[in-house]
Amino acid sequence: MRQYITRRVLQMIPILLGLSIIIFGLFALAPGDFIDANLSKNLSAEKVAELKALYGFDQPLHIRYFRWAGDALRGNLGDSLQFSKPVTSVINDYVWNSFILSAFSYLLSIILAVPIGIISATKQYSKFDMGATVVALIGISMPAFFLGLLMIKIFAIDLHILPVSGMRTAGLNATGFAAMADVGKHLILPTLVLAFSGVGSLMRYTRTSMLEVIKQDYIRTARAKGLSEKTVIYRHALRNALIPIVTILGLMLPGLFGGAMITEQIFAFPGIGKIALGALSKRDYPLMMGFNMFMAVLVLLGNLLSDILYAAVDPRVRLK
Amino acid sequence: MKSFKIKSLMALALAGMLVLSGCGGGQEAAAPEQAAEKADLTTQTVDIHKAEDPSKNPQQALDRKDTIVVGMTEFSGKFMEQFRQSSYDMYVNQMIFEQLVEVDDEGKPVDEGIATWTVENDNKYIFKLKDGIKFSDGTDVKAEDVEFSYLLLADPNYDGDSDMSKYGFVGFDDYKNGSATSIEGIKVIDDKTIEFTLEEPNAEVIYFFTGGIVPKAYYGANYTKGDLSSVKALLTKPMGSGPYKMVEYKEGQSVTFTANEHYWKGQPAVKNVIFTVTAKSTAMQSFLGGQTDVEMMDVSIENVEQLKGAGFVDLHRFPTNGYGYLGMNNALPKFSDKRVRQALAYALNRKDVVEAIYGPFGNVLNVPQSRVAWSYSEEGINEYGYDMEKAAALLDEAGWTMGDDGFRYKDGEKFEIFFTGMADHPVLDIMLPVMIESYKQLGIDLKVEYVDFPTLTEKTNNFSAEMWFMAWGLTPDPGDSSNVYKTGGPQNKYNYGSTKVDELFVQGSKETDFEKRKAIYAEIYKILNDELPCIIVYQRSDMWAANSRLEGFHVTPYKEFTKDLWKVTIKE
Amino acid sequence: MEAVDKKVKINSNETIESPWRMTYRRLKKNKLSMVGFVILLGMFIFSFIGPFLSPHDMITTNVLNANKPPSSQFWLGTDSVGRDVLLRLMLGGRISLLVGLVSVAISVFIGTLVGGLSGFYGGWIDNVLMRIADIFMAVPTMPILVILAAVMSDLKVLPERRIFVVMFILGILSWAGLSRLVRGQILTLREQEFMQAAEALGLKDSRKIFKHLIPNVVPTIIVNATLGIGSSILMESALSFLGLGVVPPIPSWGNMIQSVNNFYNFQNRPWLWIPPGVCIFLTVMAINLFGDGLRDALDPKLKR
């Protein structure tokens, strides 16, 4: 196993290098640059040329890439054009907010999806199963912003018990526990929205996986041995059914830090997702490069984690 | 998993709305307001609707006894006018910094700023700072602070949006591109006096003096010419002489201000002000729920109804400083004939479209200037009212004859227009279907493609777009339009050129008498209206909603709400 | 034993059915999956044939008649420029259904193929394919789409055609997640006895993968596909922003549902967004039911 992990980690290096070139190339090819995206000023042609030279846009592509790569290897991801501060600092400002939001909603998703998926599978085609299926499908066929607006309408406007948007109440100079409670209140709706969007798919995968396991011969054997249904399901079937689920968890790693872009938009939540999106529309290259490389690393790590978990949890799997 | 990428795409859709709302900014300072009484958009400046039932004020708002909360869309953290790019940062800066020259109602310069001035020989501006003006740390504002504020703009590595080179300050080039240690044309005479000298008279420079004045001791502590890093490090920690000072900035969330006890005009009545980020789609709800006291709202019949119905809202509505237009690449053969452009204008029912989008809150506009600007003129203007017959006649005249398939042809070529637009655009969503239908009737096949904003900008920049829709923001100086309409102008994406118009713009920039200047621009507008390099569609309204417990809230097209916020009191 | 693809009468009381026949029969018997199939068929008829029955058309606008609630003339009311919502709903289905199915079909095809090969062969093939999958997963989709939009704009590709190019590209960019799931399952299945039996029989590799392993992975693929179709349909509206969705006057369910972005529309004009929402939900539901039935029908362990 250790050999495998080392090998994989070493492989990540050339992949990241390749990715950085691809991503850099993509952004360079995208039409319009930071100056163009901020039209609405009366800039003369000379001024535009001057600005582009200052920002280094007039340099040939490979020089710009090597400059970026050289700095990046030393930990300097450049300065964000929008914010005029280091990319690492900008990401740091926002990513932890996203992390809290994503972590809570993943937790909620898992706590809801797995049990419901299991029960759905054991009672296939029952009213419970059909009901859960319908709810899950609603979750994935509704645009997230619809769900968000619905929740806001019910809880924030009609019932007036939760805030409409943001992460903190403006003007509330709370500290310590009161401050945490304030943030907590603001987290409830976005967490629910995010969880509801994700719970459907996780539930369906769990149900499917469980259904497959229940049909296996060894379950039939367990039943034949006279074990109670409860033991059969929860001791024998569950562990095997969870195997694919555990690997899905590894794939969720990028999501934990990538921010929930739509949800953050609707709730004006100060997360990295919102910022990353804005960076694309504004063609803020350093920020886009920095953020996407960060995400690329997470994707690779998440996949690796997934593979490791899979091998660790399922004795039948042999990683060659 | 797939879902991540999908979510990011959908989020982009929402984000796009932010970009659209942010463009059209770029105003410099504004002016005091005229008396406001109920009237329509065409003659009067600000329409104020007073709250009808203040008892409906939400408790959350009422509980705030000494704080005003203003809703904003986002901040970029460039809290210094010299480097600012986003319009929301501008509001923050106006709370903190002050200017030499202020602008009145109609956008004319007045001396309500920190200085009075005299002009010698039309090219020398002598500013005298008023008494008692202090920065929020208690130090006096001196002429050297003014000099420093402007030297930043001339720094060889200055990468902000201000373009100082166009005014022709004496010695500017030596400083910017040479080794001079100061600009000859910017001279500090004494602690309170500073002189600016231009090579030639330039009537537009007076608007340049509306920039924010910053303290040299604070920002310039480690500054050397060519190295702006120490200045930029203070972008999120601003300090100025304005009515408020910044206490805290939470990225992506809020900016908190507290009153500047040294403010020279007097103590701000309300001690605390917070600018908080609200979501575009729920800003109305945040406001109605009492989370915010002030917010700029989109003007639509529904929004106005909702706000009026809430009972506790004062509405301030006025014409936007800008206009929406249909751009065309005049160099293309099909658009090079003026009659074709005019036909396209006659065939579009702008009145109905504007009414459908903005109701009574938007107006068709025919000249590239705001109705409430001092230089606005309708002399000799053709209104291009909806007239399909006239349009058809003009096209016939221009050689486009109707074919059997319902489309027009000229020299064997079918009349097709490739329109480049943006998706989910409140104006295009309504205007494009109408255009497609009307132009089809006329015999023109309008094909629409969607791109995102930077791509659209690039397409117009390299003249590969045939027809598009965008909006310009206007500044108090009518001369700024020359960038758009003069031959080869940096914003002239229409490939339009008229020597007469060019001459007139040059005359206008040199003429310092306002009445004479006004006549020059009237002439320009008349020509542009006849030649139609672009089809101007509308001027819409801006609207600020204020909680009725705020007394003295004040906003006009040329004066942002921040200018008089320090005078606002909270009713018991 | 070799399966035979036709019904063979052994004696008067028994018949041997081919697996496909068996699947078909089971599918028909499963009421719910038939319901799903019927709904899906209904959606197709609604979208492709419905518009011919409508007295309205797509181009005529009437801004003075905008945003009106359902009436006898306009069964589902009018939109912001006075067009008939019902007609737009039907026409919108054409785009949305095709868009959903095409992109998911492509990603399922590629994902299953890659995952299958990867899981089965292991070793360096697995490594290379999965690292390629990693790259596809890590590359940000949006810049690619923006560039695609610009390129198509420069090439003056007809706007009506662009959406299909996009769906194709999206399918190609999104197979990676499924391939990992498929591979994962195959890693487990590979070691089971039935595979050892297949090995002992000396079956060809492709046969082992496609006739024996993949069918066991089908349930997961189906779940993935049903989840994918719903999001593809919704994604199309987001693509407009980048310049890749439908352009006026062509409607789609995705861009009709965007009207809900406006709180006022959300609260006061339900006829604008409820119909497309319901259509998307029904489509996803139908595919899901049918898919579930398909899975059960393909399952060799069910004795029906």
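Residues numbered from 1 in each chain as written. Chains lettered and ligands numbered in written order. Predicted model: local features only at pLDDT ≥ 70, side-chain atom pairs only at ≥ 80, totals over all residues. Heavy atoms only, no water.

- As annotated in an unreviewed UniProt entry, chain A is Peptide/nickel transport system permease protein from Acetoanaerobium noterae.
- Chain A has a UniProt comment under Sequence similarities (unreviewed entry) that states "Belongs to the binding-protein-dependent transport system permease family." (UniProt positions renumbered as here; feature names shortened; annotations may be inferred.)

### Concerning the overall build of chain A
And step 1. For chain A, the count of helices and strands is 14 helices and zero strands.
And step 2. The order of α-helices and β-strands along chain A, N terminus first, is α-α-α-α-α-α-α-α-α-α-α-α-α-α.
And step 3. Its C-alpha atoms give chain A principal-axis dimensions of roughly 85 × 55 × 40 Å.
And step 4. Residue burial in chain A is summarised as follows: out of 320 residues, 56% are buried.
And step 5. Accessible surface computed for chain A: about 13,400 Å², of which carbon and sulfur atoms make up 68%. (Helix = DSSP H or I, 4+ residues; strand = E, 2+ residues; numbered from the N terminus. Buried < 20%, exposed > 50% of the residue type's maximum accessible area, 1.4 Å probe, protein only. Areas by Shrake-Rupley, 256 points an atom, 1.4 Å probe, with all protein chains shown as cover.)

### What to know about the interface of chain C and chain A
And step 1. Of the residues lining the interface, 58 residues belong to chain C; the matching set on chain A comes to 58 residues.
And step 2. Taken together, the two surfaces of chain C and chain A that pack against each other cover about 5,100 Å², and 68% of this comes from carbon and sulfur.
And step 3. The interface formed by chain C and chain A includes two salt bridges.
And step 4. The partner of Arg180 of chain C in a salt bridge is Asp307 of chain A, and the shortest N-O contact between them spans 2.7 Å.
And step 5. Applying the counting criterion to the chain C and chain A interface returns five residue pairs in polar contact (both at pLDDT 80 or more).
And step 6. Elements represented by at least two residues in the side of chain C that touches chain A include exactly helix H4 (123-138), helix H5 (141-154), helix H7 (176-190), helix H9 (205-242), helix H11 (263-268) and helix H12 (270-298) of chain C.
And step 7. A per-element tally of the side of chain C that touches chain A places H12 of chain C first, with 11 residues.
And step 8. Taken together, the residues that form the side of chain C that touches chain A break down as 30 nonpolar, 17 polar and 11 charged. (Contact = heavy atoms within 4.5 Å. Buried area = accessible area lost by both parts, 1.4 Å probe. Salt bridge = Lys/Arg side-chain N within 4 Å of Asp/Glu carboxyl O. Polar contact = N/O pair within 3.5 Å; in protein donor to acceptor, adjacent residues only side chain to side chain. Nonpolar A, V, L, I, M, F, W, Y, C, P; charged D, E, K, R; others polar.)

### A word on unusual backbone geometry
And step 1. If you check the backbone angles, Ser84 of chain A has positive phi at about 50° while not being a glycine.
And step 2. Here Ser84 of chain A shows up in the loop between helix H4 (61-73) and helix H5 (87-122).
And step 3. Unlike most non-glycine residues, Leu532 of chain B shows phi in positive territory, near 50°.
And step 4. Mapped onto the secondary structure, Leu532 of chain B falls in the loop between helix H19 (514-531) and strand E24 (534-539).

### Regarding the pairing of strand E11 (residues 244-250) of chain B
Residue and element names in this part refer to chain B.
And step 1. Note that E11 and strand E12 (residues 254-259) share six bridges and pair antiparallel. Bridge pairing in E12 links Lys250 to Ser254.
And step 2. Where E11 folds back onto E12 in an antiparallel hairpin, the turn is made up of three residues, including Gly252, whose phi is positive at roughly 75°. (Pairing = 2+ DSSP bridges.)

### Some thoughts on the sheet that holds strand E9 (residues 193-197) of chain B
Residues and elements named next belong to chain B.
And step 1. Judged by pairing direction, the sheet is antiparallel, and its four strands sit side by side in the order E6-E7-E9-E8 without closing on themselves. Two strands lie at the open edges of the sheet, namely strand E6 (115-120) and strand E8 (186-190), each paired on one side alone. On average, each strand axis in the sheet is tilted by 20° relative to the strand beside it, whichever way the strands run.
And step 2. In terms of strand pairing, E6 meets strand E7 (residues 124-129) through six bridges, oriented antiparallel. Its bridge partner lying in E7, Trp117 is registered against Phe127. (Axes fitted to C-alpha atoms, helices over the stretch in contact; angles between N-to-C directions.)

### Focus on the pattern of salt bridges
And step 1. Per the counting criterion, the structure on display carries 48 salt bridges over all chains.
And step 2. Linking Arg8 of chain A and Asp307 of chain A is a salt bridge whose minimum nitrogen-to-oxygen distance equals 2.7 Å. Residue Arg8 of chain A is found in helix H1 (residues 2-29), and its partner Asp307 of chain A is found in helix H14 (residues 285-313); the two are separated by 299 residues along the sequence.
And step 3. On the accessibility criterion, Arg8 of chain A (5% relative accessible area) is buried.
And step 4. In this structure, Lys338 of chain B engages Asp530 of chain B in a salt bridge whose closest nitrogen and oxygen atoms are separated by 2.7 Å. Taken together, the residues span a long stretch of sequence, with Lys338 of chain B in helix H12 (residues 338-346) and Asp530 of chain B in helix H19 at a distance of 192 residues.
And step 5. Residue classification places Lys338 of chain B among the partly exposed positions, given a relative accessible area of 31%.
And step 6. Among the charged side chains, a network of salt bridges with common partners joins Arg8 and Asp307 of chain A together with Asp126, Arg131, Asp134, Arg180 and Arg183 of chain C.

### A few points about the packing of aromatic side chains
And step 1. Applying the stated rule across the entire model yields 56 aromatic pairs over all chains.
And step 2. Summarising the aromatic geometry, the rings of Phe196 of chain B and Phe209 of chain B are spaced 4.7 Å apart at their centres and angled 55° between planes, so their arrangement reads as tilted. On the criterion of sequence distance, the pair formed by Phe196 of chain B in strand E9 and Phe209 of chain B in the loop between helix H6 (205-208) and strand E10 (212-213) is long-range, its members being 13 residues apart. Taken as a pair, Phe196 of chain B and Phe209 of chain B share a single burial class, namely buried.
And step 3. The positively charged end of Arg64 of chain A is found above the aromatic ring belonging to Tyr285 of chain A, 5.9 Å away from the centroid.
And step 4. Lying over the aromatic face of Phe514 of chain B, Lys108 of chain B brings its terminal NZ or CZ to 5.8 Å of the ring centre. (Phe/Tyr/Trp six-rings, centres within 6.5 Å; stacked < 30°, edge-to-face > 60°. Lys NZ or Arg CZ within 6 Å of the ring centre and 35° of its normal.)

### Some words on the nonpolar core
And step 1. In terms of nonpolar packing, the biggest core is built from 84 residues, with Leu100, Tyr150, Phe196, Phe209 and Phe275 of chain B touching the most fellow members.
And step 2. Per element, the largest residue contribution to this core is six residues, and it comes from helix H3 (residues 87-96) of chain B.
And step 3. Leu100 of chain B has contacts with Gly113, Ile114, Ala115, Phe127, Leu129, Val146, Tyr150, Phe196, Phe209, Gly211 and Ile213 of chain B, leaving out every residue within four places of it along the chain.
And step 4. Ranked by size, the runner-up nonpolar core spans 63 residues in total, among them Leu280 and Leu300 of chain A together with Ile144 and Ile147 of chain C. (Core = buried A, V, L, I, M, F, W, Y, C linked by side-chain atoms within 4.5 Å.)

### Topic: the UniProt feature "domain: ABC transmembrane type-1" (unreviewed entry) in chain A
And step 1. Under the local residue numbering, the UniProt record ascribes the feature "domain: ABC transmembrane type-1" (unreviewed entry) to residues 95-306 of chain A.
And step 2. Between the C-alpha atoms that bound residues 95-306 of chain A the distance is 23 Å, and the span itself is 82% helix and 0% strand.

### So, the packing of H1 of chain A against H4 of chain A
Residue and element names in this part refer to chain A.
And step 1. The contact between H1 and H4 brings their axes to 11 Å, and the two run at 130°. Here H1 is positioned oblique relative to H4, judged by the angle of their axes. Crossing geometry of H1 relative to H4 is assigned as right-handed. Two secondary-structure elements touch here, H1 through Leu17, Ser20, Ile21, Phe24 and Ala28 and H4 through Leu61, Arg64, Tyr65 and Trp68.
And step 2. Its residues assigned to classes, the contact of H1 with H4 shows seven nonpolar, one polar and one charged. (Parallel < 35°, antiparallel > 145°, perpendicular 65-115°, else oblique. Left-handed = near helix turned anticlockwise from the far one by under 90°.)

### Comments concerning a negative patch on the surface
And step 1. On the surface, a cluster of negative charge is made up of Asp173, Asp174, Glu184, Glu199 and Glu200 of chain B.
And step 2. Within the fold, Glu200 of chain B resides in the loop between E9 and H6. (Patch = residues over 30% accessible without salt bridge, like charges linked within 9 Å, V, L, I, M, F, W, Y side chains within 5 Å. Lys, Arg positive; Asp, Glu negative; His and termini not counted. Charge placed at Lys NZ, Arg CZ, Asp CG, Glu CD.)

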